[in-house]
Protein chains: 2
Amino acid sequence: MTEFSIGVDLGGTNLRAAAIDRAGKMIAKVSRTTVLTKGPDSVVGDIVAGIRAVQRSVKGHKLVGVGIGSAGFMDMQKGVIRGSPNLPIFEDYPIRDEISRRLGLPVILENDANAAALGEKWMGAGKNYDDLVLLTLGTGIGGGIIVHGRILHGFVGMAAEVGHITVDPSGNPCGCGNNGCLEKHASATAVVCMAKLMGLGEVSAEDVFHLAEQGDEKAHVVWRHMGKHLGVGLAALANIFNCPLYLLSGGLLPAWDYFTPAMFEELKRRSFIFRSTPSRVEKAVLGSEAGLYGAAYLPLQEQA
Amino acid sequence: MTEFSIGVDLGGTNLRAAAIDRAGKMIAKVSRTTVLTKGPDSVVGDIVAGIRAVQRSVKGHKLVGVGIGSAGFMDMQKGVIRGSPNLPIFEDYPIRDEISRRLGLPVILENDANAAALGEKWMGAGKNYDDLVLLTLGTGIGGGIIVHGRILHGFVGMAAEVGHITVDPSGNPCGCGNNGCLEKHASATAVVCMAKLMGLGEVSAEDVFHLAEQGDEKAHVVWRHMGKHLGVGLAALANIFNCPLYLLSGGLLPAWDYFTPAMFEELKRRSFIFRSTPSRVEKAVLGSEAGLYGAAYLPLQEQA
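Quick caveat, the model's predicted, so the values are computed rather than measured. (Residues numbered from 1 in each chain as written. Chains lettered and ligands numbered in written order. Predicted model: local features only at pLDDT ≥ 70, side-chain atom pairs only at ≥ 80, totals over all residues. Heavy atoms only, no water.)

### What to know about the overall build of chain A
A tally of regular secondary structure across chain A gives 10 helices and 12 strands. Taken over C-alpha atoms, the radius of gyration comes to 20 Å for chain A, in line with the 19 Å a tight globule of 304 residues would show. Taken along the three principal axes of its C-alpha coordinates, chain A extends 60 × 45 × 35 Å. By the burial criterion, 62% of the 304 residues in chain A qualify as buried. Partitioning the contacts of chain A with sequence separation of at least 6, the portion at a separation of at least 24 is 63%. Carbon and sulfur atoms make up 51% of the accessible area of chain A, which amounts to about 11300 Å² in all. Of the side chains in chain A, 29 bear a positive and 30 a negative charge, and the two mean positions are spaced by 4 Å. (Helix = DSSP H or I, 4+ residues; strand = E, 2+ residues; numbered from the N terminus. Rg over C-alpha atoms; globule rule 2.2 N^0.38 Å. Buried < 20%, exposed > 50% of the residue type's maximum accessible area, 1.4 Å probe, protein only. Contact = heavy atoms within 4.5 Å. Areas by Shrake-Rupley, 256 points an atom, 1.4 Å probe, with all protein chains shown as cover. Lys, Arg positive; Asp, Glu negative; His and termini not counted. Charge placed at Lys NZ, Arg CZ, Asp CG, Glu CD.)

### Considering the interface of chain B and chain A
How big an interface is tends to be stated in terms of accessible area lost as the parts join. Contacts between chain B and chain A engage 45 residues on the former and 45 residues on the latter. Counting the surface lost from both chain B and chain A, the interface buries some 3700 Å², and carbon and sulfur atoms represent 62% of this. Three residues, Phe-155, Ile-240 and Arg-270 of chain B, lead the burial of chain B against chain A; their summed loss comes to 19% of the area buried on that side. On inspection of chain B and its partner chain A, the count reaches 26 residue pairs in polar contact (both at pLDDT 80 or more). Secondary-structure elements contributing two or more residues to the side of chain B that touches chain A are strand E9 (141-147), helix H7 (217-241), helix H8 (256-270) and helix H9 (272-276) of chain B. The element best represented in the side of chain B that touches chain A is H7 of chain B, accounting for 6 residues. When its residues are assigned to classes, the side of chain B that touches chain A shows 25 nonpolar, 14 polar and 6 charged. (Buried area = accessible area lost by both parts, 1.4 Å probe. Polar contact = N/O pair within 3.5 Å; in protein donor to acceptor, adjacent residues only side chain to side chain. Nonpolar A, V, L, I, M, F, W, Y, C, P; charged D, E, K, R; others polar.)

### Focus on the sheet that holds E9 of chain B
Residues and elements named next belong to chain B. Pairing in this open sheet of 5 strands is mixed, and the strands run E10-E9-E8-E11-E12 from one edge to the other. The open sheet has two edge strands with one neighbour each: strand E10 (150-151) and strand E12 (280-283). In the sheet, strand E8 (residues 132-137) pairs with E9 via 6 bridges, with the strands oriented antiparallel. Bridge pairing links Leu-132 to Ile-146 in E9. In this fold H8 packs onto E8, strand E11 (245-249) and E12, with an angle of close to 165° to the strand it touches most, E12. (Pairing = 2+ DSSP bridges. Axes fitted to C-alpha atoms, helices over the stretch in contact; angles between N-to-C directions.)

### Quick notes on the packing of aromatic side chains
Residue and element names in this part refer to chain B. Considering all chains together, one arrives at 17 aromatic pairs over all chains under this definition. Arranged with centres 6.3 Å apart and planes meeting at 65°, the rings of Trp-122 and Tyr-293 form a pair that is edge-to-face. One end of the pair, Trp-122, is in helix H3 (residues 112-123); the other, Tyr-293, is in helix H10 (residues 290-302), with 171 residues separating them in the sequence. Owing to a relative accessible area of 11%, Trp-122 belongs among the buried residues under this scheme. (Phe/Tyr/Trp six-rings, centres within 6.5 Å; stacked < 30°, edge-to-face > 60°.)

### Comments concerning the pairing of E8 of chain B
Extensive coverage of E8 of chain B is indicated by the burial of 5 of its 6 residues. The loop that links E8 of chain B with its antiparallel partner E9 of chain B comprises 3 residues.

### Things to note about the side chain of Arg-16 of chain B
Residue and element names in this part refer to chain B. Mapping Arg-16 onto the fold places it in strand E2 (residues 14-21). Reaching out from Arg-16, the side chain makes a polar contact with the side chain of Asp-9 at a distance of 2.7 Å. Looking at Arg-16, its side chain comes within polar contact range of the side chain of Glu-289, at 3.5 Å. Dropping the residues within four chain positions of it, Arg-16 is found in contact with Gly-7, Val-8, Asp-9, Lys-29, Val-30, Ser-31, Ser-288, Glu-289 and Leu-292.

### Observations regarding the packing of helix H6 (residues 205-213) of chain B against H7 of chain B
Residue and element names in this part refer to chain B. Across the interface, H6 lies against H7 with an axial gap of 8 Å and an inter-helix angle of 120°. When the interaxial angle is binned, H6 and H7 end up oblique. In this structure, H6 meets H7 at a crossing whose hand is left-handed. Every residue of H7 that contacts H6 at Ala-205, Val-208, Phe-209, Leu-211 and Ala-212 is listed here: Ala-219, His-220, Val-222 and Trp-223. (Parallel < 35°, antiparallel > 145°, perpendicular 65-115°, else oblique. Left-handed = near helix turned anticlockwise from the far one by under 90°.)

### A short note on the sheet that holds strand E3 (residues 26-33) of chain A
Within a beta sheet, neighbouring strands are joined by backbone hydrogen bonds and run either parallel or antiparallel to one another. Residue and element names in this part refer to chain A. Reading across the sheet, the 5 strands line up as E3-E2-E1-E4-E7 and stay open at both edges, with mixed pairing between neighbours. Here the strands that pair on one side only, and so sit at the sheet edges, are E3 and strand E7 (107-111). Put simply, the sheet's adjacent strands are angled 15° from each other on average, direction ignored. Judged from the 7 bridges that link them, strand E1 (residues 3-10) and strand E2 (residues 14-21) form a sheet pairing that is antiparallel. Its bridge partner lying in E2, Ile-6 is registered against Ala-19. Across the sheet, helix H3 (residues 112-123) is in contact with E1, E2, strand E4 (62-70) and E7; its angle to E7 comes to roughly 100°.

### Focus: the relation of the copies chain B and chain A
Both copies of the chain are related through a single rotation about an axis accompanied by a shift along the same axis. Aligned on chain A, chain B shows an RMSD of 0.0 Å; the corresponding rotation is 180° and the shift along the axis is 0.0 Å. One copy is carried onto the other by what is essentially a two-fold rotation axis. Among all residues of chain B, the minimum C-alpha distance to the rotation axis is found for Asp-168 of chain B, at 3.2 Å. Both copies present the same face, since 100% of the interface residues in chain B are matched by interface residues at the equivalent positions in chain A. (Least-squares fit on C-alpha atoms with pLDDT ≥ 70 in both.)

### Some thoughts on the state of the cysteines
Residue and element names in this part refer to chain A. Applying the stated criterion to the full structure yields 0 disulfides over all chains. Among the cysteines around Cys-176, which has no disulfide bond, Cys-181 carries the closest sulfur, lying 3.7 Å off. Judged by its relative accessible area of 0%, Cys-181 is buried. (Disulfide = S-S within 2.5 Å.)

This is the structure in structure tokens:
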């Protein structure tokens, strides 16, 4: 009897569930829309229905448990989302216990970026590593850190807020109360703002990528600045963790060739630890599936 | 029969060894001078003699092993000091294996700041915590990080180089190749330089402390600047680790009252993780004994 687990990726607009076996093979997957206006009880009903749908397709096998990767700050002990701009209806709602009660199954709740880091460690670019840091370069910058093969949680599960590391003490203001946060200088939002400041008008990060491809010097300046700040943040992580592997994922990855030269230059200069050990920065490979794999791996890892 | 272990603290000028039992009671201790000019083989002889001296005083009990905390960057797997300004004679010398061979006992080699963090976790200010970060504020700034009760080593044992986190991308130059390293803005050396720049002349960090006590406004400016930069570095650590406890130790501790107001202001502003969880920054309590306790705990922890 094959052991399998169900991973759920819960976002502000989409809800996905997948059944994955212990060997890492995805056996079934469903995608649904998250209709937050219906309220938490109803969305939990959708989550449970999604889980049951993939559960049916692996009937006869042993289900180890359910892992949920969700946007937001988690209180791991309580299984509660303490704050989430994308899922405000779940703030302080007992989401883990309610899903567990309705399913009659053990459920592990995890931050989505942490789950993605674990997914890459299990079945992705970090397969051969027990220690890695994943940065997701999107609208903001999220992160997940794996130490000794397991997610670094910190005190209440709020570790790895790498997007809010100060990379410039006099830099751009951030909603978190700080200024100069990494994500205010190296996220897609930051790229859009820098492009505007450079006179490129109202463009998307993707536009800035295409402009760079076409040889636009202003777009290149934007990517170099973004890469430089990303390098400062990565250098802090390298000095702290001395990891063999740092992974980048998210919507800005296509611009890799344009931001990584400045990133590596800054990283190498600001971290002799990085320079003097064979550490690498690479692209994550699982894309949006990373969170599903990681969520599914949570119960499997608990019962390894 | 009581189980005990021997911890060694190996510095550029002093060598100490202590026998400590599993309950954390120090049974015997010796201190010697490290005469580096005699060469590595001879200093290893002194280390072995120191260990044998404390070993004799616990005859009849079970010796679990020997832990050595040493200044410098370690290659943990090889048991070699890869680089150490204070112990240049041991660079790439097989120190762990040579001591182990002469003693006929298992030896664990560890960085001294890591050992100090583990010591504070075992018998000091971090007794009730499984996760903590220790910063040693001395000539430079060292660090040790405990995750899940164990030292965070990273890839080759060079993790926790917190003194080289960039706290100001346009800050003071550092011998590591970076500029704006935490230790160039918040160590005793940095305090001395800032005092000079403020027109206080050739004074020691202790002098700057006494000047602050006497109400000297320039000295207060120095401590505020030092505290501010320390706060930037701590905020990065808090955003990454979400630890319950951050410990400060070292020669600058007496100036706590003068640098911590600016430190806390900066830390709270730059880390919503710190603000929104009951995390604390406190003084370490074991002083220079921390490294001895931590070194002794290494073999005990291995065989727990």
